[in-house]
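What the coordinates show
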Amino acid sequence: MAYLPGCCRPCATCLLCLYSCQWITAKKRKGLRTTKCDCSWFLFLFCVFLFTLVWLYFAIIILNDFHNFNEFIFKQRKLWVDWSLVLLIATAVLITYSAVLLVLALCLQLCSQPLKLHWLHKTLLILTALVVAAAFTGLGIKWAEEWRSARISLQATGPFLHIGIVGGMTLLAWPLASFIYCTHNTGLKVFLPLMYCMVMIALYLAPLGITSPCVMEENQLPPKPALVGHRGAPMLAPENTLMSLRKAVDCDVQVFETDVMVSADGVPFLMHDKELTRTTNVQAVFPERAALNSTAFNWTDLQQLDAGSWFLERKPFPTVQSLSAGDRYEATQQRIPSLEQALEAAKQSNISIMFDLRPENHSDYQSFVNATLEVILQSGIPLQQVLWLPDGFREQVKQQAPGVRQVYGRKRLQNEKEPLLHVNLPYQDMSSEEIRQYRQDNISVNLYVVNQPWLFSVLWCSGVSSVTTNACQVLNEMKHPIWLLPSNTYLMIWIVVDCASFLVILWAFLLLKKCSQRRQPVESETDVLLTKINSLMQE
């Protein structure tokens, strides 16, 4: 068995043992050859690695919205777990396992060793592929909007993914050239270089199809989007509490976004969930009524509930760990605030308040609207600081409180009778082109929920007016998008990367061709000597 220069026998033996899960000495390796079946398993290993790599990318992208998934699981199972941590650990294990196997295989190929994958590795690779396929299937069925999130993410990562993929495929030239010069299969010698060339040409030209709003000149960058606190500052305080509103003010948010329900005795209060179990201790105070709708409780009952201790116990965000002792104590003192209290706090802090009125399908919804309007009008808050989201009885609201700003949860229509001034939509529902068009038409666009800096950067470059966020303390610190490249700079990077890649590939093939030509005479002399020894022994 021939070795490449610099590839020692002990190293080759160790690599082969790890890959094949058995100790194979130099004597045993003499008769081993890489078969077509072995090549097929190597190809399968490469595909599994790419598959898990793509899933790792998706896992990182969906972290922006993973709190919604945690809430969904809690509603179904009444169990709070930070499933994002489970997702990342499982993904890291899968990608590490397939990456280690792939590196072993490439090293073995460079050392001209046989690729004898053990059946245990084959089984684990099949299981890895099935697990990742199940994850993608579940994502497509239960969380289809994340596919649109992935498309948006390419606007932030596309230029850098291109560089990384070109770099990875360039490094692949070394083991590929080694295999081509070692194999005696003429078909593979033609097919593999041809396929590799086609892939590399496609990658070299890929930037022609990559678009990103952050490829622009510095002087073209729109103003930084305003921040809207999603239920306040839920990473720093229990959501929908006065403490959360105060923390949001400290993060320079301009709007406090919340959800309003109306108690059984007609008092509007802040609450998002249909039930009280996630954000209060209702199971301890009213165990027999814990499963009832939030609107089934009167205001006196609601005031008995602790709306903050759950935040310290369940730790919905990692930031809970870093809270000061004072903040922890304040969290335990939180109660469900009434809308009147929230309006007073917003008025004193000089921030706006935007809310949904839930549940929309309630039989007494009109009475909910009336009770809410009454509180708003009696609070003394300037009406322009109130942003009204509910669609139900909107015309009545316009008549009774004409100063309230109307925010619509839809895009504008072609034959719009009354022009929209404010829209509030999921960030997946608007493209960069639509955001720019709305901005030109003086329509304020708020997108939700934006937590990750990469997503905030893309929307900033697109020109969005504001974003609703859980991470106001993070986005408030951003003074600039994560990256901003002038088009000429990006063009220069593209050309340099492609040229460097081409030169490295050319060098790898020429160098390995020279090495293979040097090995051929040595191998021929060894074969002649072995033949003579064999003849003498037979005589």
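Residues numbered from 1 in each chain as written. Predicted model: local features only at pLDDT ≥ 70, side-chain atom pairs only at ≥ 80, totals over all residues. Heavy atoms only, no water.

1. Some points on the overall build of the chain
Rules: Numbering of helices and strands runs from the N terminus; a helix is a DSSP stretch of H or I covering at least four residues, while a strand is a stretch of E covering at least two. Put simply, the radius of gyration uses C-alpha atoms, and a globule should come to 2.2 Å times the residue count raised to 0.38. Here's how the labels work: a residue is buried when its accessible area is under 20% of the maximum for its type, exposed when over 50%, partly exposed in between, all with a 1.4 Å probe on protein chains only. By the convention used here, residues are in contact when the closest approach between their heavy atoms is within 4.5 Å. Working definition of accessibility: Shrake-Rupley area with a 1.4 Å probe, residue cover restricted to the visible protein chains. Counted charges follow a simple rule, with Lys and Arg positive, Asp and Glu negative, and His plus the chain ends left uncounted. We put the charge of a Lys on NZ, of an Arg on CZ, of an Asp on CG and of a Glu on CD.
Looking only at helices and strands, the chain has 21 helices and nine strands in total. On C-alpha atoms alone, the chain measures out to a radius of gyration of 31 Å, which is more than a quarter above the 24 Å that the 2.2 N^0.38 rule sets for 539 residues. When the 539 residues of the chain are sorted by exposure, 48% land in the buried category. Contacts in the chain between residues at least 24 apart in sequence constitute 68% of all its contacts with a sequence separation of at least 6. Accessible area of the chain: about 27,000 Å², with a carbon and sulfur share of 63%. One finds the centroid of the 44 positive side-chain charges in the chain at a distance of 14 Å from the centroid of its 42 negative side-chain charges.

2. Regarding helix α18 (residues 432-440)
Counting along an α-helix, one turn takes 3.6 residues, and residues three or four places apart therefore face a common direction. What counts, and what does not: For this quantity, the arc is that covered by the directions from the helix axis to the C-beta atoms.
Those residues of α18 lying buried are Ser432, Ile435 and Tyr438. Down the axis of α18, the buried side of the element spans an arc of 125°, and every buried residue falls inside it. For α18, the exposed residues lying more than 90 degrees away from the buried face are Glu433 and Gln440. In the segment just after α18, Asn442 is the residue with positive phi, at about 60°.

3. Brief notes about the UniProt feature "transmembrane region" (unreviewed entry) in the chain
To keep it simple, the criterion reads: UniProt positions are given in the numbering used here, feature names are shortened, and annotations may be inferred rather than shown by experiment.
If you check UniProt for "transmembrane region" (unreviewed entry), the listed places come out as residues 39-63, 83-111, 123-141, 161-183, 190-210 and 491-512 in our numbering. Annotated as residues 83-111, this span is 97% helix and 0% strand, and its ends, taken at the C-alpha atoms, are 42 Å apart. Between the end C-alpha atoms of residues 161-183 the distance is 32 Å, and the span holds 91% helix and 0% strand.

4. Quick look at the pairing of strand β7 (residues 422-426)
Rules: Only when DSSP finds a minimum of two bridges between them are two strands counted as paired. Call a crossover right-handed when, viewed with both strands pointing away from you, the route from the first strand across the helix to the second goes clockwise.
Along β7, four of the five residues are buried, which leaves the element largely enclosed by surrounding structure. Bridge analysis of β7 against strand β8 (residues 444-448) gives five bridges, and the strand direction is parallel. Within the sheet, the bridge partner assigned to Val423 lies in β8 and is Val445. In terms of handedness, the path from β7 via α18 over to β8 forms a crossover that is right-handed.

5. Focus on helix α4 (residues 66-77)
The criterion, for reference: Helices are assigned an expected span. That span is 1.5 Å times one less than the residue count.
Between its first and last C-alpha atoms α4 spans 16 Å; for 12 residues at 1.5 Å apiece the expected length is 16 Å, and the two agree. Of all the positions in α4, only Phe66, His67, Asn70, Glu71, Ile73 and Phe74 are classed as buried. Buried residues of α4 fall within an arc of 160° about the axis and therefore sit on the same side. Among the structural elements, α5 (83-110) and α13 (309-314) are those in contact with the buried residues of α4. In the stretch just after α4, Lys78 is the one whose phi turns positive, near 55°.

6. A look at the nonpolar core
The test is simple: As used here, the term nonpolar core means buried Ala, Val, Leu, Ile, Met, Phe, Trp, Tyr and Cys residues forming a set that is joined through side-chain atoms within 4.5 Å. The source of the domain bounds is an automatic or database domain assignment.
Core analysis: the biggest nonpolar cluster contains 41 residues, and Leu447, Phe456, Leu459 and Val467 have the highest contact counts within it. Of all the elements in the fold, those that place two or more residues in this core are α3 (36-61), α7 (145-171), β7, α18, β8, α19 (453-462) and α20 (472-475). Built from parts of two domains, this core gets at least three residues from each of domain 2 (147-212 + 485-517) and domain 3 (226-477). Once residues within four sequence positions are removed from consideration, Leu447 is found in contact with Leu425, Pro426, Tyr427, Met430, Ile435, Leu459, Val464, Ser466, Val467 and Thr468. Residues Leu343, Ala346, Leu357 and Val404 belong to the second largest nonpolar core, which totals 26 residues.

7. A word on the domain arrangement of the chain
Short version of the rule: Using a 1.4 Å probe, buried area is obtained as the accessible area two parts lose upon being combined, added over both of them. A carboxyl oxygen of Asp or Glu within 4 Å of a side-chain nitrogen of Lys or Arg is what we treat as a salt bridge. Residues adjacent in sequence count toward polar contacts only when both atoms are side-chain atoms; beyond that, a polar contact is any pair of N or O atoms within 3.5 Å, and within protein one must be able to donate a hydrogen and the other to accept it. Under the scheme applied here, ten amino acids are nonpolar (Ala, Val, Leu, Ile, Met, Phe, Trp, Tyr, Cys and Pro), four are charged (Asp, Glu, Lys and Arg), and all others, including Gly, are polar.
Assigned domains within the chain: domain 1 (1-26 + 33-143), domain 2 (147-212 + 485-517) and domain 3 (226-477). Tallying the contact residues gives 10 residues for domain 1 and 19 residues for domain 3. Here domain 1 packs against domain 3, burying approximately 1,300 Å² in sum over the two surfaces, 50% of which is carbon and sulfur. The tally of links between domain 1 and domain 3 comes to three salt bridges. The interface formed by domain 1 and domain 3 holds six residue pairs in polar contact (both at pLDDT 80 or more) in total. Taken together, the residues that form the side of domain 1 that touches domain 3 break down as four nonpolar, two polar and four charged.

8. Here's the deal with the packing of aromatic side chains
Under the convention used in this document: Only Phe, Tyr and Trp rings are paired, with Trp represented by its six-membered ring, and only when their centres lie within 6.5 Å; those with planes under 30 degrees apart are stacked, over 60 edge-to-face, the remainder tilted. A ring is scored as having a charge over it whenever the NZ atom of a lysine or the CZ atom of an arginine sits within 6 Å of its centre and within 35 degrees of its normal.
For the structure on display, the rule yields 20 aromatic pairs. Measuring from centroid to centroid gives 6.5 Å for Tyr196 and Phe509, while their planes differ by 40°, and the two rings are tilted. Here Phe509 lies in helix α21 (residues 487-538) and Tyr196 lies in helix α9 (residues 186-205), a separation of 313 residues in the sequence. Under the relative-accessibility criterion, Phe509 is labelled buried at 17%. Grouped by ring-pair contacts, the aromatic residues Phe51, Trp55, Phe58, Phe136 and Trp147 constitute a single cluster. Over the ring of Trp310 we find Arg278; its NZ or CZ atom is 6.0 Å from the centre of that ring. The ring of Tyr438 has Arg412 sitting right over it, with the charged end atom 4.7 Å from the ring centre.

9. Quick notes on the state of the cysteines
Note the cut-off: To count as a disulfide, a pair of cysteine sulfur atoms needs to be within 2.5 Å.
As enumerated under the stated definition, the model contains one disulfide in all. Each sulfur in the disulfide pair Cys214 and Cys461 lies 2.4 Å from the other. Handedness of the Cys214-Cys461 disulfide follows from its S-S torsion of about 100°: it is right-handed. Of this pair, Cys214 sits in the loop between α9 and β1 (226-230) while Cys461 sits in helix α19; the two residues are 247 residues apart in sequence, bridging distant segments of the chain. Summary of cysteine pairing: Cys499 is not part of a disulfide, and the nearest cysteine sulfur, belonging to Cys197, is at 16 Å.

10. Digging into the UniProt feature "domain: GP-PDE" (unreviewed entry) in the chain
UniProt's entry tags residues 225-479 with the feature "domain: GP-PDE" (unreviewed entry), counted in the numbering of this structure. Helix makes up 34% of residues 225-479 and strand 16%, and the two end C-alpha atoms of the span are 11 Å apart.

11. Details of the pairing of strand β2 (residues 255-262)
Counting buried residues in β2 gives eight out of eight residues, a clear majority hidden from the surface. A two-sided burial pattern is seen for β2, the buried positions comprising Val255, Glu257, Asp259 and Met261 on one face and Phe256, Thr258, Val260 and Val262 on the other. Bridge count for β1 against β2 is three bridges, and the pairing is parallel. What sits directly across from Val228, in β2, is Val255. Pairing geometry for β2 and strand β3 (residues 268-270), over three bridges, is antiparallel. The residue of β3 that forms the bridge with Val262 is Pro268. In this antiparallel pair of consecutive strands, β2 and β3, the connection spans five residues, and Gly266 shows a positive phi of 85°.

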